[in-house]
Amino acid sequence: MILSSHFNYWIVIVLMMIGFFIVISHGNLVKKLMGLSIFQTSVFILYISMGKVAGGTAPILDEAYSVYSNPLPHVLILTAIVVGIATTALGLALVVRINEAYGSIEEGDIEMQDCDKLDKENANK
Amino acid sequence: MSANILLQIAILFPLLASALILITGKNPGLRDKITLVSATFLFIVVIFIYRAFDASLQVEEGTAVKSIAVNWAEIVPGLHLGFKLEALGMLFALIASALWLVTSIYGIGYMRGNNEKNQTRFFMLFPIAISAALGIAFASNLLTLFIFYEVMTLSTFPLVTHKGSEHAMKSGRIYLGVLIGSSIGLFLPAIIWVWAVTGTTDFVAGGILQDKLSPLHLSILAALFVLGVGKAAVMPIHRWLPAAMVAPTPVSALLHAVAVVKAGVFSVLKIVVYVFGIDTLSDASYLHFLMYLVGFTIVMASIIALGHDNLKKRLAYSTISQLSYVVLGALILSPISVVGSALHIAAHAFGKITLFFAAGSIYTASKKTEISQLDGIGHRMPWTMAAFTIGALSMIGLPPAVGFISKWYLLMGAYDEQVYFAMGVIVVSTLLNAAYFVPIIYRAFFKTEADGSKPHGEANKAIVVALSITACMTILLFCFPNIPFALAQSIAVQ
Amino acid sequence: MSAHLPILQVILPLLAAPTCLLLGRTQLLWMFTCGVSALCAVISFQLLHTVHTSGDIIYSLGGWSAPVGIEYRIDSLNAFVLLLVTSLSTVVLCAAKQSIAKEVPESRQLYFYVAFLLCLAGLLGILCTGDAFNVFVFLEISSLSTYTLIALGRDRRALWASYQYLIMGTIGATFILIGIGLLYMITGTLNMRDLAQRLPDVEQAHTLYTGFAFFIVGVCLKLALFPLHLWLPNAYAYAPSIVTAFLAATATKVAVYVLIRFIFNVFGFDFSLSQFPLPQIWLALGIIGVFAASIVAMSQHNIKRLFAFSSVAQIGYIIMGLSLGTAAGVQAALLHVFNHALMKGAIFLAIAGLCYRLGAATMNEFKGLGKQMPWTMAAIVAGGLSLIGVPLTVGFISKWYLVLAFIEKGWWMIVPFIVIGSLLAVVYVWRLVECAYFQEADSKREAGEAPLSILLPTWILVFANIYFGVQPQFTVHATSIATLGLFGATP
């Protein structure tokens, strides 16, 4: 049955949608970043799943085993994980700076403050 | 010096002059001298070019065909930036450079007489506009023409908005909007169309569009060109011309009686003769609609002119109507009417510049701008009003002014081709011209001045000299129309 | 040595970035960065020359040949874009010193140079590599450093813009990652050539369609195709001026390259442009993008934002060219990539000079500027004319080829849209001109000309704008070879 045999992929899709939804719907910048991380994680799982060969074992050469999982996607996703961590770190650093500059990490607040500033600029014109 | 080099000097020299004027801006005396000297120099250069051209024409009749042409760059295969001498362009270049000289004299007098600000900017942009006019005159293909056409639009904008007031800026926007809009929106697509169909944009005697387009498409293309060349001011693309009248008078005189508007009708004429070819265009079955539009412009603009009391406005609408004569002559599609059109470019240039000079002279001396204020002014300013009268005669088309000759040819051409509509339009508009000019002359000489008005004399000498020269030219051209006539004829012969 | 040029191109800035940390003084940093970038430019010039004379260069990383190892492949297309990116980054860097000294606090200037080099390394990596996953990695390198660069802006809104870009950019990159993953799933390879060979066998697979869709959307987000452009205006407006100039000239161009590369060399022309309504969608989005962005640009008060929207509009033209799917269309798009980089580079560098003197670039600052900073203003006007597409500037060349491409395809109806698009550009450029030349400066502001170190690079680009507008043989030749290469590979 599709549901069970493609279990991993269903999880991927569910996680992806959860992550995406959080990014879009939440106004809190940290929460957005969490959503982004979940979104990225779903892709990691996608890659890891596709490297799995049924009945295969870890790709360590040994005479006892003849079927291995494909190691390449795993290696690839290591890179992607690193990139993901870097992105999250940078994002969080930005949130810290934004908090210092605006005194808030709520999207609505920040945009409100910017609008006020813009109005002032235009008023000075 | 070879004519090729002279040709390039003529186009590049005004730019140099412009730079010099900018540098010497702090010293008005020196600046004005440079203006005058460079204008004289340019005129001489153009005369030399004419002589070389004339000589090459003689050769052409004999054996070798030698054309005077320069190619600066090939941008895209089939798209050149280049110049080539031909009769029509030669005529236009002669007119523009001669009148630049006169206008320079006049402009200096006017700017000083009225203590205008930003004079350096004014005198700096003038040569750029003239350079553009010469570029248009000598252009060897549509692209080059288009480039200089736009240069002229842009360089004249600051001249039009010279006063810098809110009203001037608003008019300037109309000026720029209409001209740029029509040129990019209609003219450029028309050029692209020509290029797509023929693979070239060169001006070739006899045209490049033979058997390339159906009659309907030809008519549409012609309409794109006639309306797209907004400087020709065919209705409904005429709004920029009255708007541009906020400019100081020398600008109106040179640019809106000579350089800008003439660049427009000249382009139309050149396109009809060298891109379409008269024979090819006569296949265009729907062309008469375009002719109706042009005829309508002639009559309508004259009627509007009747209703304007502001002298410059009336002259502006008169210009619109006169410009359409040239377009009409081109669209009649007979060799004689094309000669008439070419002559009318010259005739109208000298006549209209005289009228504008006179208007500026009146303004400088008395600050009067409305026709109703002009009662008896002929006695205070006899030179100015005499010149005005001559200009007006030329506009109406009466001897001894050159306007008579050009109108005569236009009528003959229309008669030859049996375009009675055009003949009717010319006759009706001549009557209208008389109707809006004669009352002014009558007022000036035969009415007595209102009481309590300030006494004043003629405007300063530079102005009077300039307008006397152009008035004399109007008469001289009637007596000795050889040069423009020979040039105009050689177009028709081709 | 010369055999290693392809990798050297990428390694050089990548290694130079940490080296920067060892150099203390900003003067030294600046010279070092300039030197590295200039060296890259020389290498890329050499590469282009080699490609044109003796064909594609294939370089296997670590000696592992293609399907197993990662391969760098330089052909006439990426050599051309490489040259564009490296030379523009060099010119922009030349102007960077004083502008950055003014706009970025002393303590953070080091990070600017480091991030700049990393960004350059990322962009060059994307261009060089022949491996799909590598594209993603380098894309993220360049993106991450771009977020940093933007966040260096003085205004606090730079932080917010950077954050927004980070969110949207990461989503886009992840989409690309998904697309590449799905491709790998059905073909088992990541090498672009290999992919191109194996994909036709599995053309019917749903996985391929899904992967294709994810990939295209991801890339379109990176290249700021309307309506995925939302990150761009703020990022351009609040980043340090030099960064804006660099990004506008290179970043979106590289994204366009990725799009072209994958459409033609990986998915294949037939698959991507014939089986989907992609050309129609692109054409529509391109036209709407040109109009919407130009109209928004008209009402902008912040000049950097104004030209940012104009960039979105120009991307519209590029996409319109691609949507034709003909050699002429692709060539027009490539030409516009090059030409638009030149004009936006010139404009944003001029604005950098302006910000150096005046601190900001809003309409207010522009009043009376024609007299106070004549050379800077003249550069902006020249760039603006190029944007409009006035003959004798590069803008004319690319628009001309674009119009020709449409006529050749027989899509006459589109030509008026291009023409009207140019008219819209006239309006927003004219607003600036009027403000600068025909209005008096507000207060007793004393502003001199921009410093020579900024002015000179600006005018180099302005000159390039005119030179390639009058003598476009080089660009036309290079793009036509590149296009031939694309269409030759997948007939």
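Preceding block: the structure.
Residues numbered from 1 in each chain as written. Chains lettered and ligands numbered in written order. Predicted model: local features only at pLDDT ≥ 70, side-chain atom pairs only at ≥ 80, totals over all residues. Heavy atoms only, no water.

Asker: Sorry if this is basic, but what is going on with the overall build of chain A here?
Answerer: Scanning chain A from terminus to terminus reveals five helices and zero strands. Helices (α) and strands (β) of chain A occur, in sequence order from the N terminus, as α-α-α-α-α. A principal-axis box enclosing the C-alpha atoms of chain A has dimensions of 80 × 30 × 20 Å. In chain A, which comprises 125 residues, the share counted as buried stands at 31%. Within chain A, counting contacts between residues at least 6 apart in sequence, those at least 24 apart form 46% of the total. Roughly 7400 Å² of accessible area belongs to chain A as shown, and the carbon and sulfur atoms make up 69% of that amount. In chain A, the 7 positive side-chain charges and the 11 negative ones have mean positions that sit 4 Å from each other. (Helix = DSSP H or I, 4+ residues; strand = E, 2+ residues; numbered from the N terminus. Buried < 20%, exposed > 50% of the residue type's maximum accessible area, 1.4 Å probe, protein only. Contact = heavy atoms within 4.5 Å. Areas by Shrake-Rupley, 256 points an atom, 1.4 Å probe, with all protein chains shown as cover. Lys, Arg positive; Asp, Glu negative; His and termini not counted. Charge placed at Lys NZ, Arg CZ, Asp CG, Glu CD.)

Asker: How should the pattern of salt bridges be read in this particular structure?
Answerer: Once their charged atoms are close, side chains differing in charge can pair, the charge on each being opposite to the other. Inspection of the entire model under this criterion finds nine salt bridges over all chains. For Arg31 of chain B, the salt bridge goes to Asp32 of chain B, with nearest N and O atoms at 3.2 Å. In this pair, the class of Arg31 of chain B matches that of Asp32 of chain B, namely buried. Salt-bridge contacts for Asp75 of chain C lead to Arg261 of chain C; the nearest nitrogen and oxygen are separated by 2.9 Å. Placement of the pair is Asp75 of chain C in the loop between β2 (71-74) and α3 (76-103) and Arg261 of chain C in helix α10 (residues 241-266), with a sequence separation of 186 residues. No difference in accessibility class separates Asp75 of chain C from Arg261 of chain C, as the two residues are buried. (Salt bridge = Lys/Arg side-chain N within 4 Å of Asp/Glu carboxyl O.)

Asker: I keep staring at the arrangement of the chains and nothing clicks. Help me out?
Answerer: Contacts are most numerous, across the two pairs of chains in contact, for chains A and C. Of all C-alpha pairs spanning chain A and chain B, none lies closer than 19 Å, and the two are not in contact.

Asker: What's the story with the pairing of strand β2 (residues 79-84) of chain B in this structure? I'm lost.
Answerer: Along any regular strand the residues' side chains alternate between the sheet's two faces. Residue and element names in this part refer to chain B. In terms of residue burial, β2 counts as a mostly covered element, since five of its six residues are buried. Across six bridges, strand β1 (residues 69-76) lies against β2 in antiparallel orientation. Residue Ala73 lies in a different strand from β2, and its bridge partner there is Leu81. Counting the residues in the hairpin turn of β1 and β2 gives two residues, including Gly78, whose phi is positive at 90°. (Pairing = 2+ DSSP bridges.)

Asker: Would you mind going over the layout of surface pockets with me for this structure?
Answerer: Over the atoms a probe the size of a water molecule is rolled, and this reveals where empty space is left. Volume-wise, the second largest pocket comes out at about 1200 Å³. Along the wall of the second largest pocket there are 50 residues; nearest its centre are Arg157, Asn234, Ala237, Tyr238 and Arg305 of chain C. Sorting the residues of the lining of the second largest pocket by element identifies α2 (7-25) and α5 (107-124) of chain A together with α6 (157-187), α8 (206-222), α9 (231-238), α13 (303-324) and α15 (363-366) of chain C as the ones contributing at least two each. Residue composition of the lining of the second largest pocket, by class: 25 nonpolar, twelve polar and 13 charged. (1 Å grid on protein atoms, 1.4 Å probe; cavity = no way out; pocket = protein on both sides within 12 Å on 5 of 7 lines; lining within 4 Å. Points joined across faces, edges and corners; volume = space filled by probe spheres on them. Nonpolar A, V, L, I, M, F, W, Y, C, P; charged D, E, K, R; others polar.)

Asker: Is there a simple way to explain the interface of chain A and chain C in this structure?
Answerer: Often the size quoted for an interface is simply the accessible area lost on bringing the parts together. At the junction of the two partners, chain A supplies 42 residues and chain C supplies 32 residues. Summed over both sides, the interface of chain A with chain C buries roughly 3400 Å², with 74% coming from carbon and sulfur. At the junction of chain A with chain C, the criterion picks out seven residue pairs in polar contact (both at pLDDT 80 or more). Contributions of two or more residues to the side of chain A that touches chain C are made by α2, α3 (29-51), α4 (71-102) and α5 of chain A. (Buried area = accessible area lost by both parts, 1.4 Å probe. Polar contact = N/O pair within 3.5 Å; in protein donor to acceptor, adjacent residues only side chain to side chain.)

Asker: What should I look at first to understand the environment of Leu90 of chain A in this one?
Answerer: Mapped onto the secondary structure, Leu90 of chain A falls in helix α4. Residue Leu90 of chain A is classed as buried on the basis of its relative accessible area of 19%. Sequence-distant contacts of Leu90 of chain A, that is, excluding residues within four places in its chain, are made with Leu144, Tyr147, Thr148 and Leu166 of chain C.

Asker: Just to check I follow, could you spell out the interface of chain B and chain C for this structure?
Answerer: Contacts between the two partners involve 28 residues from chain B, matched on the other side by 24 residues from chain C. At the boundary of chain B with chain C, total buried surface from both sides reaches about 2200 Å², with 83% on carbon and sulfur atoms. Among the residues of chain B in contact with chain C, Ile75, Ile184 and Ile192 of chain B are the three that bury the most area, contributing 24% of the side total. If you look at where chain B meets chain C, you find one salt bridge.

Asker: Help me out: how do you make sense of the state of the cysteines in this one?
Answerer: Among covalent bonds in proteins, the disulfide is the one between the sulfur atoms of two cysteines. Residue and element names in this part refer to chain C. What the rule picks out here adds up to zero disulfides over all chains. Between Cys119, a free cysteine, and Cys40, which holds the nearest cysteine sulfur, the sulfur-to-sulfur gap is 13 Å. By relative accessible area, which is 1% here, Cys119 ends up buried. The closest cysteine sulfur to the non-disulfide-bonded Cys435 is located on Cys355, 15 Å from its own sulfur. (Disulfide = S-S within 2.5 Å.)

Asker: I keep staring at empty space enclosed by the protein and nothing clicks. Help me out?
Answerer: All names here are of chain C. Scanning the entire structure with this criterion turns up six cavities of 30 Å³ or more. Leu123, Ser142, Tyr165, Lys222 and Ala251 are the residues nearest the centre of the largest cavity, which is lined by 14 residues in total. Breaking the lining of the largest cavity down by element, the ones donating at least two residues are α4 (109-128), α5 (132-151) and α10. If you add up the space inside the second largest cavity, you get close to 70 Å³. Around the second largest cavity, the lining residues are Arg73, Asn78, Thr129, Gly130, Met192, Arg193, Tyr257, Arg261 and Asn265. Every element with two or more residues in the lining of the second largest cavity is listed here: α7 (192-198) and α10. Take the lining of the second largest cavity: its biggest share by element is three residues, from α10. Grouping the amino acids of the lining of the second largest cavity by side-chain chemistry returns two nonpolar, four polar and three charged.

Asker: Sorry, what's going on with the packing of helix α3 (residues 87-114) of chain B against helix α4 (residues 119-138) of chain B here?
Answerer: Residues and elements named next belong to chain B. One way to put it is that α3 packs onto α4 with a least axis distance of 9 Å and a crossing angle of 170°. When the interaxial angle is binned, α3 and α4 end up roughly antiparallel. From α3, Gly89, Phe92, Ala93, Ala96, Trp100, Thr103, Gly107, Ile108, Met111 and Arg112 reach across to α4, where they touch Gln119, Phe122, Phe123, Phe126, Pro127, Ile130, Ala133, Leu134, Ile136, Ala137 and Phe138. For the contact of α3 with α4, the per-class residue count stands at 16 nonpolar, four polar and one charged. (Axes fitted to C-alpha atoms, helices over the stretch in contact; angles between N-to-C directions. Parallel < 35°, antiparallel > 145°, perpendicular 65-115°, else oblique.)

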